[in-house]
Amino acid sequence: MKAFLEKKGVQPSLRTYFIKAMGQMTFGLFATLIIGIIIRTIGEQIQIEQIIELGQFTMDLYGAAIGAAVALALGAPNFVVLATIVCGAAGAFYGGPAGSFLAVIVGAEIGKIVAGETKIDILVTPIATIVSGYSVALLLGAPIQFLMVSIGDAITWATTQQPLIMSSVVAVLMGWALTAPISSAAIAIMLDVQGPVAAAAAIGCAGQMVGFAVASYRDNRVSGLLSIGIGTSMLLVPHIIRNPRILIPPTVASLVAAPVGTMVFGLINNAAGAGMGTSGLVGPIMTFTEMGFTWLIFTQVVVCYVGIPAVVALIVSEWMRKKGWIKQNDMNLLEG
């Protein structure tokens, strides 16, 4: 059985599902849900109904996009990938993003096992994929989504009780998730975090990205500012493994910036922006989506998402360089 599964490319592991597949899931969410929100927001601002409808239509297809994205990450054959679009849509209908993710994983793996094993593969493979994925969506989608939303609600409640502590904790944990090879965006959307909690998460992610971009400027110059600051701090994972101390400046930046954003300025965000930080400027855009655009809010966003993380990370990293804890090329992307 083990040899058969290996031949079929079915290798169950936490890395396969929660790093590789969930990471690819983010691309599906970005191409539909997040882009759809941006398009809809533009339509609402300029009051053109067709653009609003286009944005909503794009958002509604996120389950299908998760299906294709996760199946591709699992190395499914083309026929299986196409069938998992149905699994993803069913999962989204019954259990939201979490249900979609679970349904697609089961559907794709069953499809891979069945593919090419019969003379009527054109019928058996898509049927097996769709039926297995739909069954999971129907039976487990709602409970899984309820669990994820309940966790998100618990985090939100805890933040209202201890805003300083919880906003800092959320910021640090989500920032680490963004830098680690897992998907902070998928986690935020599955937990459906909203309001100040989502803002703390988004600012925490921004703290990691902007913090690392500024702290590594000596090594990476302008190209690093752009690739890390509006790309992803995940590029520095190999460097963190070699010298974990380089994680300190952006983490401190997140700790400082998040409480200022949530408690002083009252910034809010949504699930789509919470795990994105400044990646593609999605985090700030989603704050404008939730709060509207004024020059005051724009200034507050720039201060919390960029200004504070940049200043704090620079001060801490320079102090650590003087102590010898961070050395030249410790964060050089060309030496990753």
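Residues numbered from 1 in each chain as written. Predicted model: local features only at pLDDT ≥ 70, side-chain atom pairs only at ≥ 80, totals over all residues. Heavy atoms only, no water.

A. Seen up close, the overall build of the protein chain. Each helix and strand in the protein chain was counted, giving 15 helices and zero strands. The globule rule puts the C-alpha radius of gyration for 336 residues at 20 Å, and the 21 Å found for the protein chain is close to it. If one aligns the C-alpha atoms of the protein chain with their principal axes, the spans along those axes are about 70 × 50 × 35 Å. In the protein chain, once contacts between residues fewer than 6 apart in sequence are set aside, the share between residues at least 24 apart is 75%. Summed over all atoms, the accessible surface of the protein chain reaches about 15200 Å², with 72% contributed by carbon and sulfur. The positive charge centre, built from 16 side chains, and the negative charge centre, built from 15, are 16 Å apart in the protein chain. (Helix = DSSP H or I, 4+ residues; strand = E, 2+ residues; numbered from the N terminus. Rg over C-alpha atoms; globule rule 2.2 N^0.38 Å. Contact = heavy atoms within 4.5 Å. Areas by Shrake-Rupley, 256 points an atom, 1.4 Å probe, with all protein chains shown as cover. Lys, Arg positive; Asp, Glu negative; His and termini not counted. Charge placed at Lys NZ, Arg CZ, Asp CG, Glu CD.)

B. Seen up close, the pattern of salt bridges. One pass over the structure, following the stated rule, counts five salt bridges. With a closest N to O distance of 3.7 Å, Glu-318 and Arg-321 form a salt bridge. Taken as a pair, Glu-318 and Arg-321 lie in helix 15 (residues 295–323) at a separation of three residues, close to a single helical turn. With a relative accessible area of 23%, Glu-318 lands in the partly exposed category. Taken together, the shared-partner salt bridges connect Arg-218, Glu-318 and Arg-321 into one network. (Salt bridge = Lys/Arg side-chain N within 4 Å of Asp/Glu carboxyl O. Buried < 20%, exposed > 50% of the residue type's maximum accessible area, 1.4 Å probe, protein only.)

C. Representation of the nonpolar core within the structure. Grouped together as the largest cluster of nonpolar side chains are 78 residues, with contacts concentrated most on Met-25, Leu-29 and Val-70. Ranked by residue count, the leading element in this core is helix 9 (residues 195–215), at 13 residues. Not counting the four nearest positions on each side in its chain, Leu-29 is found in contact with Ile-34, Tyr-62, Ile-66, Ala-186 and Ile-189. (Core = buried A, V, L, I, M, F, W, Y, C linked by side-chain atoms within 4.5 Å.)

D. Quick peek at the side chain of Ser-216. Relative to the elements of secondary structure, Ser-216 occurs in the loop between helix 9 and helix 10 (217–229). The buried category is assigned to Ser-216, whose relative accessible area is 0%. A polar contact of 3.4 Å, which involves the side chain of Ser-216, links it to the backbone oxygen of Ala-213. In this structure, Ser-216 is in contact with Arg-221, Ile-228 and Met-331, ignoring residues within four places of it in sequence. (Polar contact = N/O pair within 3.5 Å; in protein donor to acceptor, adjacent residues only side chain to side chain.)

E. Molecular detail of the packing of helix 14 (residues 282–291) against helix 15. Contact geometry for helix 14 and helix 15: axes closest at 11 Å, N-to-C directions at 145°. Here helix 14 and helix 15 pass one another in a crossing that is right-handed. Residues Gly-283, Pro-284, Thr-287, Phe-288 and Met-291 of helix 14 pack against Ile-297, Phe-298, Val-301 and Tyr-305 of helix 15. For the contact of helix 14 with helix 15, a count of residues per class yields seven nonpolar, two polar and no charged. (Axes fitted to C-alpha atoms, helices over the stretch in contact; angles between N-to-C directions. Left-handed = near helix turned anticlockwise from the far one by under 90°. Nonpolar A, V, L, I, M, F, W, Y, C, P; charged D, E, K, R; others polar.)

F. Main features of helix 12 (residues 248–264). With 17 residues, helix 12 extends 24 Å from end C-alpha to end C-alpha; this agrees with the ideal 24 Å at 1.5 Å per step. Burial in helix 12 covers these residues: Pro-249, Pro-250, Thr-251, Ala-253, Ser-254, Ala-257, Ala-258, Pro-259, Gly-261 and Thr-262. At its buried positions, helix 12 is contacted by helix 7 (163–179), helix 9 and helix 15. (Expected span 1.5 Å × (residues − 1).)

G. Focus on the packing of aromatic side chains. A full pass over the atoms with the stated rule returns nine aromatic pairs. For the pair Phe-293 and Phe-298, a centre-to-centre distance of 5.9 Å together with 55° between the ring planes defines the contact as tilted. A relative accessible area of 44% means that Phe-293 is categorised as partly exposed. With relative accessibility at 33%, the residue Phe-298 sits in the partly exposed group. Relative to Phe-298, the ring of Trp-295 lies with its centre 5.4 Å away and its plane at 80°, an arrangement referred to as edge-to-face. Here Phe-298 and Trp-295 lie together in helix 15, a separation of three residues that amounts to about one turn. Given the relative accessible area of 63%, Trp-295 is considered exposed. Three or more aromatic residues link up through ring pairs in this structure, and these residues are Phe-288, Phe-293, Trp-295 and Phe-298. (Phe/Tyr/Trp six-rings, centres within 6.5 Å; stacked < 30°, edge-to-face > 60°.)

H. Up close: unusual backbone geometry. In the Ramachandran plot, Arg-221 falls in the positive-phi region, its phi being about 55° despite a non-glycine side chain. On the secondary structure map, Arg-221 appears in helix 10. The exposure class assigned to Arg-221 is partly exposed, which follows from its relative accessible area of 48%. With phi around 75°, Asn-329 is a residue other than glycine that occupies positive phi space. The exposure class of Asn-329 is partly exposed, given its relative accessible area of 29%.

Just geometry here; none of it tells us what the structure is for.
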